[in-house]
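# Analysis of the macromolecular model
The residues making up each chain are set out below.
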Amino acid sequence: VKVAAAAVLVLGLGLLPLVTTYYVTYLASLIAISAVVVVGLNVLMGYAGQVSLGQAGFMAIGAYTGVLLAGGAGLPWAVALAAGGAAAALVGMLVGLPTLRLSPLYIATVTFAFGQTVQIVLVHWDRVTNGPDGLTVVRPAVAGQPLRGVAIYYVILAVSALLVLGAFNLVGSLRGRALMAVRESEPASLSVGIAVSWYKTWAFAFGAFYAGVAGVLYGWLTEFISPDAFGFDQSLLFLTMAIVGGLGRFWGALVGAAALTLVNEILRPAGVYRQLVLGACLLLAILLMPQGAWGAIAAGWRRLQRRTA
Amino acid sequence: VSTAWYVAQVVVSGITPGATYALMALGFVLVFKATGVVNFAHGEAVMVGAYTGLVMHSELGLPYVPAFLLTLVVAFLFGLLVELIVYRPLLRAPVVSVILASIALGQIMRSAVRIVRGDDMRVFPPVFSTRPVAVGEVVITPLSLGVVAVSFLLMAVLAAFFRWFQLGKAMRAVSENQLAASLMGISVPAVFSWTWGLSSALAGASGVLIAPLVMISPEMGFVAFKGFVAAILGGFTSIPGTILGGLLMGVLENLAGVFVSTAYKDVISFLFMIGVLAVRPAGLLGAARIKKV
């Protein structure tokens, strides 16, 4: 079943541009980018048990680094992509460091303050970032021609798929289990020789790296970035995706990213009502589905199997 | 004007926002002391309080005092309602869930007010005069002094409440150990209802008080984050520490705004908070709590 589902998914996504409009591939790209951020966030929150209210800040660092290196300094786009992730990961580590001794409550505060700080810096450091007016992004070029339309969709899809698979392998590895041990009990983890501080810092860097790469991809997709795209609302949206999908449920992150990207884009013309609906989604998910959508799906699947057996 | 007077003026001007932060911080501390969770929708409760006051006083034309008291009642009932719908089901949920639920609630309240009232800024007539008074060469408005005085008054009331009143003691007991408290005959749900009702009423009062200082808008609740930082600086459970943290934040921000950069003054206060947390995770006046396995 799993292999068949994966094959259908790959085939469907691959053939998508042939059967639909550009807008649908745009939405699919956006979902892929959000999925990368949320998968990273899920490792940080769901597996390592930390919390981040500033994930969009890491995304911004990646996006701006990518643009400045590829557009300004003229570096190859693959380098810009990696550098965007690396810059975000470095900052993520720095943000993770002071939170080592703190409870989730304080970590939430520090990461929120971090997100706000990024906003303020982006707006005011206008010599580099062009302030609130933002920057135009030059898409990666193949043989001197910038990629257009459908081509960029395939690039984004490929990079995202690679990152998601990377995270999937991580979660099943020794390192992934060490992260979960840290989440369950820090003293117990310490006593069996897990370097708690290292893993927590590392989880922050990991989540930030994913957000940073996603930021570069986002720039490529929209060809324009500005501080507005990376505010607290955006951080909260990623958080909602992670919660709705189910914290600590690997595939839930994808479900949450897909569902809420669609809700967010469909409601875009509805203005303020969009914020109301997103807030309600988060609250209802916490109150009614503590395990997230993926948890609910898994429970339903088990029930079904038991009934047929 | 000599430099010393100038610095003094900058410090004194910082007391006004500082008192606002302290007032916000008290709301966080009240809920935290009683329930062990943090209400990130407190700023939005303050915002709703300010709008309620605005409607009662400026639009329905009620005199100041009845409008203020009615706002308190409305806010109290609103707090009870929120506790029943949102926080009661999360009694045994992990801290992160409660934090996120309150953030979601804040967003719902913010967008609901934006839908109903629009994005316009509103002004609110001040309780105390805004005509500046000179002390030496330092200028201060009675309004800011008033807000400082009320913050100190509320601080004293809260401290006394937690120390001597049955309900305050029950709240402390519940935050210490819910099971033990209920075995001693304390009704935990009742204590929770009271806590959220009171904190909401406090938010309503804060909203009306600070409304003349900051413009009333759906986004005004974000000022509460500064209050939250103030509470952290103060050590979160210490009421005097909270006031100190608020005033310190206000003064520090003002100094940073004048002597470093206006654009980056928020960044500086965030860095200050992160610095304090890195060195003294329990806050400036808080006692270190040892985590037991």
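To keep things clear, this report deals only with the structure shown in the data block. Chains are numbered independently. Their residues run from 1 in the order of the written sequence. Following the order in which they are written, the chains are lettered starting with A and the ligands numbered starting with 1. Owing to the predicted nature of the model, reporting of local features is limited to residues with pLDDT of at least 70; listing and counting of side-chain atom pairs is limited to 80 or more, with chain, interface and lining totals taken over all residues. Side-chain measures here rest on the full set of heavy atoms in the structure, leaving out hydrogens and waters.

### Some details on the overall build of chain B
Rule in force here: Secondary structure elements follow DSSP: runs of H or I no shorter than four residues count as helices, runs of E no shorter than two count as strands, and numbering proceeds from the N terminus. Here the radius of gyration uses the C-alpha set of atoms, whereas the globule reference equals 2.2 Å times the residue count to the power 0.38. Whether two residues touch is decided by their heavy atoms; if any such pair falls within 4.5 Å, the residues are in contact.
Secondary structure assignment for chain B yields 11 helices and two strands. The order of helices and strands in chain B, counted from the N terminus, is α-α-α-α-β-β-α-α-α-α-α-α-α. Over its C-alpha atoms chain B spans a radius of gyration of 19 Å, differing by no more than 12% from the 19 Å that the globule rule assigns to 293 residues. The principal-axis extents of the C-alpha atoms in chain B amount to approximately 65 × 50 × 35 Å. Long-range contacts, defined as pairs at least 24 residues apart, comprise 73% of the intrachain contacts of chain B with a sequence gap of at least 6.

### Notes on the overall build of chain A
Heads up, the condition is: Whether a residue is buried, partly exposed or exposed follows from its accessible area with a 1.4 Å probe, protein chains only, as a fraction of its type maximum: under 20%, in between, or over 50%, in that order.
Across its full length, chain A carries 14 helices and four strands. Taken over C-alpha atoms, the radius of gyration comes to 19 Å for chain A, in line with the 19 Å a tight globule of 309 residues would show. Along the three orthogonal principal directions, the C-alpha set of chain A runs to about 55 × 50 × 40 Å. Here chain A holds 309 residues, and 52% of them are scored as buried. The long-range share in chain A, meaning contacts at least 24 apart out of those at least 6 apart in sequence, stands at 77%.

### Overview of a positive patch on the surface
Quick reminder of the rule: Exposure above 30% relative accessible area and no salt bridge define the residues that can form patches, which grow by joining like charges within 9 Å and nonpolar side chains of Val, Leu, Ile, Met, Phe, Trp and Tyr within 5 Å. Note that accessible areas follow from Shrake-Rupley with a 1.4 Å probe, and for residues the cover is restricted to the protein chains shown. Put simply, a salt bridge is a Lys or Arg side-chain nitrogen that is within 4 Å of an Asp or Glu carboxyl oxygen. His is not counted, nor are the chain ends, whereas Lys and Arg count as positive and Asp and Glu as negative. The location of each charge is read from NZ of Lys, CZ of Arg, CG of Asp or CD of Glu.
Taken together, Arg302, Arg303, Arg306 and Arg307 of chain A make up a surface patch of like positive charges. Within the secondary structure layout, arginine 306 of chain A lies in helix 14 (residues 292-308).

### Points about the interface of chain B and chain A
One frequent convention defines the size of an interface as the accessible area lost when the parts assemble. Just so we agree on the cut-off: Defined here as a combined quantity, buried area equals the accessible surface (1.4 Å probe) lost by two parts on assembly, summed across both. In the analysis that follows, any N or O atom pair within 3.5 Å is treated as a polar contact, provided that within protein one partner can donate a hydrogen and the other can accept it, and provided that, for residues neighboring in sequence, both atoms belong to side chains. Nonpolar residues are Ala, Val, Leu, Ile, Met, Phe, Trp, Tyr, Cys and Pro. Charged residues are Asp, Glu, Lys and Arg, and all others, Gly as well, are polar.
Taken together, the contacts link 40 residues of chain B with 36 residues of chain A. Buried surface at the junction of chain B and chain A, summed over both partners, amounts to about 3400 Å²; 81% is from carbon and sulfur atoms. Connecting chain B to chain A are zero salt bridges. At the junction of chain B with chain A, the criterion picks out two residue pairs in polar contact (both at pLDDT 80 or more). Broken down by secondary-structure element, the contributors of at least two residues to the side of chain B that touches chain A are helix 3 (64-87), helix 4 (95-117), helix 9 (223-234) and helix 11 (265-279) of chain B. If one sorts the elements of the side of chain B that touches chain A by residue count, helix 4 of chain B sits on top with 14 residues. In terms of residue class, the side of chain B that touches chain A is built from 33 nonpolar, three polar and four charged.

### Digging into the packing of helix 2 (residues 22-47) of chain A against helix 10 (residues 196-222) of chain A
A pair of packed helices is captured by two measures, namely the crossing angle of their axes and the spacing between those axes. Residue and element names in this part refer to chain A. Just so we agree on the cut-off: For helices, the axis comes from a line fit to the C-alpha atoms of the stretch in contact; other axes are also lines fit to C-alpha atoms, and the angle between any two N-to-C directions lies between 0 and 180 degrees. Oblique is the label for any angle not under 35 degrees, not over 145, and not in the 65 to 115 range, which are roughly parallel, roughly antiparallel and roughly perpendicular in turn.
Between helix 2 and helix 10, the least distance of the axes is 7 Å, while the angle of their chain directions is 170°. Between helix 2 and helix 10, the crossing angle belongs to the class labelled roughly antiparallel. Contacts between helix 2 and helix 10 involve Tyr26, Ser29, Leu30, Ile33, Val36, Val37, Val39, Gly40, Val43 and Leu44 from the former and Ala203, Phe204, Phe206, Gly207, Tyr210, Ala211, Ala214, Leu217, Tyr218, Leu221 and Thr222 from the latter. Residue classes in the contact of helix 2 with helix 10 are distributed as 17 nonpolar, four polar and no charged.

### Section: the packing of aromatic side chains
Worth spelling out the cut-off: The pairing test for Phe, Tyr and Trp rings, Trp by its six-membered ring, is centres within 6.5 Å, and the orientation test on the planes gives stacked under 30 degrees, edge-to-face over 60, and tilted for anything in between. To sit over a ring, a charge needs its Lys NZ or Arg CZ within 6 Å of the ring centre and within 35 degrees of the ring normal.
Applying the stated criterion across every chain, the model contains 21 aromatic pairs over all chains. Aromatic side chains tyrosine 23 of chain A and tyrosine 26 of chain A sit 6.3 Å apart centroid to centroid with 20° between the ring planes, which places their arrangement in the stacked category. Taken together, the residues tyrosine 23 of chain A and tyrosine 26 of chain A, both in helix 2 and three residues apart, mark about one turn of the helix. A relative accessible area of 44% means that tyrosine 23 of chain A is categorised as partly exposed. Grouping aromatic residues by their ring pairs yields a cluster made of Phe112 and Phe232 of chain A together with Phe28, Phe40, Phe225 and Phe228 of chain B. A cation sits over an aromatic face here: arginine 175 of chain A above tryptophan 202 of chain A, 4.5 Å from the ring centre.

### A short note on unusual backbone geometry
Residue and element names in this part refer to chain A. With a phi angle near 60°, asparagine 130 is a residue other than glycine that sits in the positive phi range. Take asparagine 130: its relative accessible area is 36%, and that puts it in the partly exposed class. Even without being a glycine, glutamate 223 presents a positive backbone phi close to 60°. Within the fold, glutamate 223 resides in the loop between helix 10 and strand 4 (224-225). Residue glutamate 223 is classed as partly exposed on the basis of its relative accessible area of 37%.

### A short note on the pattern of salt bridges
A complete count under the given rule lists five salt bridges over all chains for this structure. Among the ionic pairs, arginine 268 of chain A bridges to glutamate 265 of chain A, the shortest N-O distance being 3.0 Å.

### As for the nonpolar core
As a reminder, the rule being used: Grouping buried Ala, Val, Leu, Ile, Met, Phe, Trp, Tyr and Cys residues that are joined through side-chain atoms within 4.5 Å yields what is termed a nonpolar core.
Counting 170 residues, the largest nonpolar core has Ile225 and Phe230 of chain A together with Leu100, Phe228 and Phe236 of chain B as its most contacted members. The biggest single contributor to this core is helix 10 of chain A, with 16 residues.

### Structural notes on helix 9 of chain B
To keep it simple, the criterion reads: Here a helix's expected span is defined as the number of its residues, less one, multiplied by 1.5 Å.
An ideal rise of 1.5 Å per residue puts 16 Å on 12 residues; helix 9 of chain B measures up with 17 Å between its terminal C-alpha atoms. When we look at burial in helix 9 of chain B, the residues that qualify are Val223, Ala224, Phe225, Lys226, Gly227, Phe228, Val229, Ala230, Ala231, Ile232, Leu233 and Gly234 of chain B. Those residues of helix 9 of chain B that are buried are in contact with helix 5 (104-124) of chain A together with helix 1 (3-35), helix 2 (42-59), helix 8 (188-210), helix 10 (239-259) and helix 11 of chain B. Glycine 235 of chain B, located one to two residues past helix 9 of chain B, shows a positive phi value of around 100°.

### Structural notes on the environment of threonine 130 of chain B
Residues and elements named next belong to chain B. Structurally, threonine 130 is set in the loop between helix 4 and strand 1 (133-135). When its relative accessible area of 45% is taken as the criterion, threonine 130 is described as partly exposed. Ignoring any residue separated from it by four or fewer positions in sequence, one finds threonine 130 in contact with Thr141 and Leu143.

### Some words on the packing of helix 1 of chain B against helix 9 of chain B
Residues and elements named next belong to chain B. Between helix 1 and helix 9, whose axes approach to 7 Å, the crossing angle comes to 70°. Judged by the angle between their axes, helix 1 and helix 9 are roughly perpendicular. Taking contact as the criterion, the partners of Tyr21, Met24, Ala25, Phe28 and Val29 in helix 1 are, on helix 9, Val223, Ala224, Lys226, Gly227, Phe228, Ala230 and Ala231. Its residues assigned to classes, the contact of helix 1 with helix 9 comprises 10 nonpolar, one polar and one charged.

### Side note on the environment of threonine 141 of chain B
Residue position: threonine 141 of chain B is located in the loop between strand 2 (138-140) and helix 5 (142-164). Distance from threonine 141 of chain B to threonine 16 of chain B, taken between C-alpha atoms, is 9.0 Å for residues 125 residues apart in sequence.

### Overview of the environment of valine 164 of chain A
All names here are of chain A. Tracing the backbone shows valine 164 in helix 7 (residues 149-172). Each C-alpha atom, one on valine 164 and one on leucine 304, is 28 Å from the other, the two residues being 140 residues apart in sequence. If sequence neighbours within four positions are ignored, valine 164 has contacts with Val39, Phe250, Trp251 and Leu254.

### Some points on the side chain of serine 217 of chain B
On the secondary structure map, serine 217 of chain B appears in the loop between helix 8 and helix 9. In this structure serine 217 of chain B comes out as buried when scored by relative accessible area, which is 9%.

### Points about a nonpolar patch on the surface
Residues and elements named next belong to chain B. Together, Tyr6, Val7, Val258, Phe259 and Val260 make up an exposed nonpolar region whose accessible area comes to about 450 Å². Of all the secondary structure elements, the ones that give two or more residues to the nonpolar patch are helix 1 and helix 10. Positionally, tyrosine 6 belongs in helix 1. Take tyrosine 6: its relative accessible area is 42%, and that puts it in the partly exposed class.

Don't take any of this as a statement about function, it's just geometry.
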